[in-house]
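# Coordinate analysis (summary)
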Amino acid sequence: MVSTKDKVVELEHAVIRFAGDSGDGMQLTGNLFSDSTAFAGNDFATFPDYPAEIRAPQGTVAGVSGFQIHFGQTNIHTSGDLADVLIAMNPASLKANMNWITNEAIIIVDTDAFIEKNLVKAGYESDPTIDGSLNGHLVVSAPISTLTKEAVRELDLDNKSAQKSKNMFALGIVFYMFNRDFKQTFSFFEEKFKKNQLIVDANKRVLTAGYHFAHTIEAFANTFVVEPAPLEKGLYRNVTGNLATAWGLLAAAERSGRNLFLGSYPITPASEILQELSRHKQFSSVAFQAEDEIAGIVSTIGASYAGAIPVTTTSGPGLSLKSEAIGLAVMMELPIVIVDVQRGGPSTGLPTKSEQSDLMQALYGRNGEAPVIVMAAQSSADCFYAAYEATKLSVELMTPVILLTDGSLANGSEVFKIPRVADLPEITPPVVEANDPDYQPYKRDPETLARRWALPGTEGLRHRIGGLEKENGSGNVSHDPLNHQLMSEIREEKVERVAKHIPELEIIGEDEGELLVVGWGGTYGVMLTALEKMREEGKKVSMAHFKHIKPLPSNTEEVLSRFKKIIVCEINLGQFVNYLRMRFPGIEFLQFNKIQGLPFLVGELKEKFEALLNE
Amino acid sequence: MQESIDVDKLQLTKKDFESDQMVKWCPGCGDYSILKSVEKVFPELGIPKEDFVVVSGIGCSSRFPYYMNTYGMHGIHGRAAALATGIKLANPKLSVWMITGDGDSMAIGGNHFIHMARRNVDLNVLIFNNKIYGLTKGQFSPTTPKGSKTKTSPQGTFEAPFNPGELVIGSRGKFFARVVDTNPKHMAEIFTEAAKHKGASIVEILANCIIFNNHTHGLITGRETKADNQLYLQAGKPMIFGKDNDKGIVFKGTSLEVVTIGENGITEEDILVHDPYTKFPGIHMMLANMMPPAYPAALGVIRSVKADTFDKEVWDSVEEEKKTSPLKSMDDLLRSGNTWTID
């Protein structure tokens, strides 16, 4: 007899979504699957989807926690539109995710959780696994809770602890489907629960039981395999955007030879950067959890004056609170990196959801003419390089930088090729030597217009700076009308000249033609995927995607003017497109906007672009 | 570091700290005498002149950094405590002086102020308390006495004022002193005490705004009234004051009381002896609260309690982590945990 195990179908890529109650351990399950995906040699990206509440009412749709992984044998740029496999640990998680799976998706459910009480909580009138509403899907109904209990029966484990490992039963089923090895997962259990051998054994047993269950019941006509992706040789790891941001900042501090100072206040979805930096005092980096957002940035400005690599991290509402202090840093021409992990706004908005709606605030949200460098990271892994570059620009050019990331990048993860710090660009802050006879606080480098960094404690450089307008050169307080005009223009020009220090805008696809799709920041992966799909189908479409927003790359206008139609896609109501319209009034821009707290789907972008080509 | 330096070897004088900028306070402003006292104290502290940083917020008092030839920063309204905290954390070797006023640190900067005190950051904080907004021309502040008529309280204020000392002690502050702008010698002595104390050394200066709130501290500083309304506290000494040096403070029931020595059988023995070093805040709080006409205002160091400073604890922890962490560089960190190789 041929076992179903022997029938293996090769897939180019697949999307799996693990969903359950927020206490069901779906994030861990997803992470363990990600680890095994890494060891299988696939490229992948993940995205967690969890409620704003820590433990929303059990069994309700509001309390569903999800984790999606997209993996493939080709390069993967997004966490995937719709899932090919859904694991639903209860009725609410099925209900919450029915719109996010393909029409043919395989659905694995814990039938033990599909009881009257839970169905009612989820808002079902009848059991969807038996009333025909899942027709078209392959539904694998497994009494996961019962079988988990059974699997650990011989262990001296109470029922509550036993039920905690039921997520591993579901993982075992998925491991079977995708022909995965247990080895990595087992060593994770041994490490994680090394103080409690009983829990190690329980998890191993339950995972194995899930695997064998799937095999035994011949739930699937075949299993699947996704071959390794053609990744460059090297050492890899999985990073979330927030982790990559924290590490990019640390790497920049190390490369500059100065200590990092982070002044920050906890805020979703940026807190992980503060948490991560709090763990690395061994690099002489100080992470100061301030009493509020304002103290977060202001303490950082103090540290900047004293010579630290100055960083503050926040999300939209926090950026609003920091506005006045950003103006102070602009006036004092001190370096500071302000990381804004954008979330849905305005006000408290959608704290756990992503948006690109802080762009105008980053560009203009201050009193006075207060230009700063504005950058946006393009992927979770790119957060490392974006944070590094933001720090380099800020300290070398003595100018505040706002780095925009977003909730999707921050919490999403992707494969990251580990660099060597020595291979990253040098960072050389313009620190003044003691007793420099030429030192004047606002004397500038003629090329970059940057003033120099004179650190308290250095002999012969005592000086005062502050929020009042300064005389160019001497730095004395000045209310002179012409000096104010000069200084206002210098501050703007200094930021515009940064264009000489950033890469030119690249075009993906033909250098000129019918349609150019434009985006910025976190939409890179999904737009690239849409573009690649269209180009595979032979359609002529090109993309320009911005990482540098102020200043724009120096060739921006020239690139844009080579295309007949330009469409700017953003997760907001059109902030970047209006910035481009203002900068380039002679160019016509179309726009495509979505503001639902959700990323673009490849499908909807493709549809929009194709419609434009067919017009 | 700072303490090991020989004062004489540095040979600093007042001149070393005078700036070339024109001082622009109103003629007769109390801030002039504060500036003079600070200029007198700095050269005597044994600290190299480049290690001083003077930081301020916004207000009349906050122009101070421009008038001192040190490293200095004139910040934004209310945020001097946060600036100073960042400077001290980034470089604990510096002697950081925070200059602020009753509006700057009791109103818009209240939050930063209490947290700076609570954390015990090693700063020297001078609050110029003139009980009015001077720079904005005469609105009431959080320390303006209830009922005062000002530009924004034509019927008199309806709100109870803060007492800075009470706020400092209530925020678990370890050092609080009070001085008057009319006694430069005492100011210099107390600023020196503040500089020597490790931690947030907070000094309230009863300063006169000659334009918008003249004589607000009149009872305390007036030539005729001051002797009966000032109590100069000294550690280990009885709390005796008055024109004839015959008044004293005793503790009775649950509060302090003013008594006269020689009346009702009271002798000097009965008078409370000042202990600024006790960690118990009860008497310190009561002393900070005493105000004329019922009591004299307590001047001098009211509270001075030894405790680890925030900046020291942070940097001790850095040193400890450097010793114990297996991660010696970013390359180590990048390669820690789950990684895999593609050949």
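Residues numbered from 1 in each chain as written. Chains lettered and ligands numbered in written order. Predicted model: local features only at pLDDT ≥ 70, side-chain atom pairs only at ≥ 80, totals over all residues. Heavy atoms only, no water.

## A word on the overall build of chain B
To keep things clear, this is the line we draw: The numbering of helices and of strands both runs from the N terminus, where a helix is a DSSP run of H or I of at least 4 residues and a strand a run of E of at least 2. Throughout, the radius of gyration refers to the C-alpha atoms, and the reference size of a globule is 2.2 Å times the residue count to the power 0.38. Throughout, exposure labels follow a simple rule: accessible area from a 1.4 Å probe, protein chains only, divided by the maximum for the residue type, with under 20% read as buried, over 50% as exposed, and the rest as partly exposed. Residue contacts follow a heavy-atom distance rule, with two residues in contact if any of their heavy atoms lie within 4.5 Å. Note on areas: Shrake-Rupley, 1.4 Å probe, and residue coverage restricted to the protein chains presented here. His is not counted, nor are the chain ends; Lys and Arg add positive charge and Asp and Glu add negative charge. Here the site of a charge means atom NZ of a Lys, CZ of an Arg, CG of an Asp or CD of a Glu.
When you go through chain B residue by residue, the secondary structure sums to 12 helices and 12 strands. Taking 343 residues into account, the globule formula puts the C-alpha radius of gyration at 20 Å, and chain B, at 22 Å, falls close to it. Split into buried and exposed, the 343 residues of chain B put 56% on the buried side. Put simply, 66% of the contacts in chain B that link residues at least 6 apart link residues at least 24 apart. When the accessible surface of chain B is split by element, carbon and sulfur atoms take 53% of a total near 14,900 Å². One way to put it: in chain B the 38 positive side-chain charges average out to a point 4 Å from where the 40 negative ones average out.

## Notes on the packing of aromatic side chains
How two aromatic rings sit relative to each other is given by the distance of their centres and the angle of their planes. All names here are of chain A. The line we're drawing: Aromatic pairs are defined between Phe, Tyr and Trp rings, using the six-membered ring for Trp, whenever the two ring centres lie within 6.5 Å; interplanar angles under 30 degrees are classed as stacked, those over 60 as edge-to-face, and all others as tilted. Working rule: Lys NZ or Arg CZ, within 6 Å of ring centre, within 35 degrees of ring normal, means a charge sits over the ring.
Scanning the entire structure with this criterion turns up 34 aromatic pairs over all chains. Each ring, one from Phe-186 and one from Phe-189, has its centre 6.3 Å from the other, and the planes form 35°; the classification is tilted. Separated by three residues within a single helix, Phe-186 and Phe-189 lie in helix α7 (residues 183-192), roughly one turn from each other. Looking at Lys-95, its charged tip hangs above the ring of Tyr-124, at a distance of 4.8 Å from the centre. The cationic tip of Arg-258 hangs over the ring face of Trp-453; the distance from NZ or CZ to the ring centre is 5.7 Å.

## Structural notes on helix α9 (residues 241-256) of chain A
Residue and element names in this part refer to chain A. Definition in use: To estimate the expected span of a helix, count its residues, drop one, and scale the result by 1.5 Å.
Here α9 is 16 residues long and its end C-alpha atoms lie 22 Å apart, about the 22 Å a rise of 1.5 Å per residue gives. The element α9 is extensively covered by neighbouring structure, given that 14 of its 16 residues are classed as buried. In the segment just after α9, Gly-257 is the residue with positive phi, at about 75°.

## Re the sheet that holds strand β20 (residues 548-550) of chain A
Residues and elements named next belong to chain A. Convention followed: Should DSSP find at least two bridges between two strands, the strands are taken to pair. Orientation is described by axes fitted as lines to C-alpha atoms, over the contacting stretch for helices, and by angles from 0 to 180 degrees between their N-to-C directions.
Overall, mixed pairing links the seven strands, which are arranged β11-β10-β12-β13-β15-β14-β20 in an open sheet. Looking at which strands have only one partner, the edges of the open sheet turn out to be β11 (286-289) and β20. On average, adjacent strands in this sheet sit at an angle of 20° to one another, irrespective of strand direction. Note: strand β14 (residues 373-376) against strand β15 (residues 400-406), four bridges, orientation parallel.

## So, the pairing of strand β11 (residues 297-304) of chain B
All names here are of chain B. The element β11 is extensively covered by neighbouring structure, given that eight of its eight residues are classed as buried. Here strand β5 (residues 175-180) runs beside β11; their pairing, made up of four bridges, is antiparallel. Pairing of Phe-175 across the sheet is with Ser-304, part of β11. As paired elements, strand β7 (residues 230-232) and β11 share three bridges and run parallel to each other. When the sheet's bridge partners are listed, Leu-231 is paired in β11 with Ala-298.

## As for the domain arrangement of chain A
All names here are of chain A. Selection criterion: An automatic or database domain assignment supplies the residue ranges for each domain. A simple way to read buried area is as the amount of 1.4 Å-probe accessible surface that goes missing from two parts once joined, with both sides added. By definition, a salt bridge exists where a carboxyl oxygen of Asp or Glu is found within 4 Å of a side-chain nitrogen of Lys or Arg.
Here chain A is described as being made up of domain 1 (8-225), domain 2 (237-423) and domain 3 (513-614). In this structure, domain 2 and domain 3 have C-alpha centres spaced 26 Å apart. Every contact between the two is made by 28 residues of domain 2 and, on the other side, 24 residues of domain 3. Taking both partners together, domain 2 and domain 3 bury about 2,000 Å²; carbon and sulfur atoms supply 58% of that area. Linking domain 2 with domain 3 are one salt bridge, by the criterion used here. Residue Lys-547 is joined to Asp-382 by a salt bridge in which the shortest nitrogen-to-oxygen separation is 2.7 Å.

## Some remarks on the interface of chain A and chain B
Under the convention used in this document: Polar contacts, as counted here, are pairs of nitrogen or oxygen atoms within 3.5 Å of one another; within protein the pair requires one atom able to donate a hydrogen and one able to accept it, and residues that are adjacent in sequence qualify only if both atoms are side-chain atoms. Under the convention adopted here, Pro, Cys and the residues Ala, Val, Leu, Ile, Met, Phe, Trp and Tyr are nonpolar, Asp, Glu, Lys and Arg are charged, and Gly plus all remaining residues are polar.
Opposite the 68 residues of chain A that make contact, chain B presents 58 residues. Between chain A and chain B, the buried area comes to about 5,400 Å², and carbon and sulfur atoms account for 63% of it. The largest contributions to the chain A side of the interface with chain B come from A:Glu291, A:Arg462 and A:Arg464, which together make up 15% of the buried area. Counting across the interface, chain A meets chain B through two salt bridges. Residue A:Arg420 is joined to B:Asp331 by a salt bridge in which the shortest nitrogen-to-oxygen separation is 3.6 Å. For the pair chain A and chain B, the number of links is 27 residue pairs in polar contact (both at pLDDT 80 or more). Secondary-structure elements contributing two or more residues to the side of chain A that touches chain B are α1 (26-39), β9 (234-240), α9, β11, α11 (293-305), α12 (316-332), β16 (413-417) and β17 (464-466) of chain A. When residues in the side of chain A that touches chain B are grouped by element, the largest group, eight residues, is from α11(A). When its residues are assigned to classes, the side of chain A that touches chain B shows 39 nonpolar, 15 polar and 14 charged. Across three bridges, β9(A) lies against strand β12 (residues 340-342) of chain B in antiparallel orientation. When the sheet's bridge partners are listed, A:Gly234 is paired in β12(B) with B:Ile342.

## Some points on helix α19 (residues 575-583) of chain A
Restricting attention to buried positions, one finds in α19(A) the residues A:Gln575, A:Phe576, A:Val577, A:Tyr579 and A:Leu580. Buried residues along α19(A) sit in contact with α13 (359-364), β18 (513-520), β19 (542-546), β20, β21 (563-570) and β22 (590-593) of chain A.

## A closer look at the packing of α9(A) against helix α14 (residues 382-397) of chain A
Residues and elements named next belong to chain A. Going by this rule: Two helices cross in a left-handed way if the nearer one is turned anticlockwise from the farther one by less than a right angle. They cross in a right-handed way if the turn is clockwise.
The contact between α9 and α14 brings their axes to 7 Å, and the two run at 35°. The chirality of how α9 crosses α14 is right-handed. In contact with Gly-241, Ala-244, Thr-245, Trp-247, Gly-248, Leu-249, Ala-251, Ala-252 and Arg-255 of α9, α14 contributes Cys-383, Phe-384, Ala-387, Tyr-388 and Thr-391. Of the residues in the contact of α9 with α14, the class split is nine nonpolar, four polar and one charged.

## Section: the sheet that holds β19(A)
Residues and elements named next belong to chain A. A sheet is described by the order of its strands in space; here four strands give the open sequence β19-β18-β21-β22, paired in parallel fashion. The two strands at the open ends of the sheet, each matched to only one other strand, are β19 and β22. If you compare each strand with its neighbour and ignore which way they point, the axes differ by 25° on average. Pairing of β18 with β21, which is carried by five bridges, proceeds in the parallel orientation. Bridged to Leu-515 within β21 is Lys-565. In this fold α19 packs onto β18, β19, β21 and β22, with an angle of close to 140° to the strand it touches most, β21.

## With respect to the side chain of A:Asn242
All names here are of chain A. By the secondary structure assignment, Asn-242 is in helix α9. When its relative accessible area of 1% is taken as the criterion, Asn-242 is described as buried. What Asn-242 contacts, discounting residues up to four positions off in sequence, is Pro-269, Ala-270, Glu-272, Ile-273, Val-341, Leu-409 and Ala-410.

## Examining the side chain of A:Ser165
Mapped onto the fold, A:Ser165 is located in the loop between α5 (159-164) and α6 (166-177). By relative accessible area, A:Ser165 is classed as buried at 3%.

## What to know about the environment of A:Leu515
All names here are of chain A. Within the secondary structure layout, Leu-515 lies in strand β18. Each C-alpha atom, one on Leu-515 and one on Ser-320, is 36 Å from the other, the two residues being 195 residues apart in sequence. The contacts of Leu-515, once residues within four sequence positions are left out, are Val-541, Ser-542, Phe-563, Lys-565, Ile-567, Phe-609, Leu-612 and Leu-613.

## Some details on the environment of A:Asp21
Residue and element names in this part refer to chain A. Turning to its location among the elements, Asp-21 is positioned in strand β2 (residues 13-21). Judged by relative accessible area, Asp-21 falls into the buried class, the value being 7%. Considering only alpha carbons, one finds Asp-21 and Thr-148, 127 residues apart in sequence, at a separation of 17 Å. The contact partners of Asp-21, leaving out residues within four places of it in the chain, are Gln-58, Gly-59, Thr-60, Gly-63, Ser-65 and Asn-90.

## Here we look at the confidence of the model for chain B
As a reminder of what qualifies: The predictor rates its confidence in each residue with pLDDT, a number between 0 and 100.
Per-residue confidence for chain B averages 95 on the pLDDT scale, and 97% of its residues sit at or above 70. For this predicted complex, the interface score ipTM comes out at 0.96, alongside a pTM of 0.95.

## Focus: the packing of helix α4 (residues 144-151) of chain A against helix α8 (residues 197-216) of chain A
Residues and elements named next belong to chain A. Stated precisely, the cut-off is as follows: In this scheme, roughly parallel covers angles under 35 degrees and roughly antiparallel covers those over 145, while 65 to 115 is roughly perpendicular and the rest are oblique.
Two elements in contact, α4 and α8, have axes whose closest approach is 9 Å; the angle formed by their N-to-C orientations is 125°. The pairing of α4 with α8 is recorded here as oblique in orientation. The hand of the α4/α8 crossing is right-handed. Contacts between α4 and α8 involve Leu-147, Thr-148 and Ala-151 from the first element and Arg-205, Val-206, Ala-209 and Phe-213 from the second.

## Description of the nonpolar core
The nonpolar side chains of a soluble globular protein tend to be buried, and buried together. For clarity, the threshold we go by: Here, the term nonpolar core denotes a set of buried Ala, Val, Leu, Ile, Met, Phe, Trp, Tyr and Cys residues that are joined through side-chain atoms within 4.5 Å.
In terms of nonpolar packing, the biggest core is built from 166 residues, with A:Ile301, A:Val518, A:Phe576, B:Phe113 and B:Ile202 touching the most fellow members. Looking at which domains feed residues into this core, each of domain 2 (237-423) and domain 3 (513-614) of chain A supplies at least three. Those residues within four positions of A:Val518 in sequence are excluded, and the remaining contacts are A:Met527, A:Ala544, A:Phe546, A:Leu560, A:Ile566, A:Ile567, A:Val568, A:Cys569, A:Phe576 and A:Leu580. Among the nonpolar cores identified, the runner-up in size contains 54 residues, and A:Phe18, A:Val200, A:Ala202 and A:Ala214 belong to it.

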